[in-house]
Each structure stands twice: as C-alpha cells, then as structure tokens.
Amino acid sequence: MRDLLEKALKKGLSVVFSNENGFAVIRILKGEEVVASCSLGSANFRSSVEDSLQSLLLDLERKGL
C-alpha cells in the first residue's frame, strides 16, 4: 500500500481515509477538491483498501490526472 500512497503523492494528490456510518471511505483529493472516492464493505480491510486505492488511481490516470 505504501507504493500506492507514494504514487498518489508524487502526482500532487492527497489520500484521506475516514469512517462514515460504519464504513471505511477513501477519498483522493487534488488541493481541496475530491477527484475520486469510494466506500469499502466489511471484507478484509487491508486488501480492500489496496485494491480500491489502486483502482481509483488507475481511473484517475485514464482521465489524465
């Protein structure tokens, strides 16, 4: 997961993890603007976070961010 976070930081993005209504939420921000987000189910938190974060970063790369 560290490599994914470093990748986001190198692109000038911030990654925020929070817990809302009992669900883990990942938000990727550029400045103060949320450019991608998702909520995770109750599966294995570590693998869910890594898979979801990687997917969000790939989607942003495809969009040119």
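Refer to the structure printed above.
What counts and how
- Residues numbered from 1 in each chain as written.
- Predicted model: local features only at pLDDT ≥ 70, side-chain atom pairs only at ≥ 80, totals over all residues.
- Heavy atoms only, no water.
- Helix = DSSP H or I, 4+ residues; strand = E, 2+ residues; numbered from the N terminus.
- Buried < 20%, exposed > 50% of the residue type's maximum accessible area, 1.4 Å probe, protein only.
- Contact = heavy atoms within 4.5 Å.
- Areas by Shrake-Rupley, 256 points an atom, 1.4 Å probe, with all protein chains shown as cover.
- Salt bridge = Lys/Arg side-chain N within 4 Å of Asp/Glu carboxyl O.

S.K.: I'd love a proper account of the overall build of the protein chain, names of residues and values included.
M.R.: When helices and strands are tallied, the protein chain shows 2 helices and 3 strands. When the helices and strands of the protein chain are listed from N to C terminus, the series reads α-β-β-β-α. Of all 65 residues assigned to the protein chain, the portion counted as buried reaches 28%. Pairs at least 24 apart in sequence give 33% of the contacts found in the protein chain among residues at least 6 apart. Accessible surface, the protein chain: about 4,400 Å² in total, of which carbon and sulfur atoms supply 48%.

S.K.: Lay out the environment of Cys-38 with the relevant residues and their values.
M.R.: With respect to the helices and strands, the residue Cys-38 is situated in strand β3 (residues 33-39). When the C-alpha positions of Cys-38 and Ala-24 are compared, they lie 8.6 Å apart, and in sequence the two are 14 residues distant. Among residues more than four places away in sequence, those in contact with Cys-38 are Ala-24, Val-25, Ile-26, Ser-52 and Leu-56.

S.K.: For the pattern of salt bridges, give the residues involved together with the corresponding values.
M.R.: Here the structure, examined in full by the defined rule, presents 5 salt bridges. A salt bridge links Glu-61 to Lys-11; its shortest N-O distance comes to 3.6 Å. Of the two residues, Glu-61 sits in helix α2 (residues 45-62) while Lys-11 sits in the loop between α1 (2-10) and β1 (14-20), which places them 50 residues apart along the sequence. Under the relative-accessibility criterion, Glu-61 is labelled partly exposed at 32%. For Lys-11, a relative accessible area of 30% gives the class partly exposed. When salt bridges with common partners are traced through the structure, they connect Lys-7, Lys-11 and Glu-61 into a single cluster.

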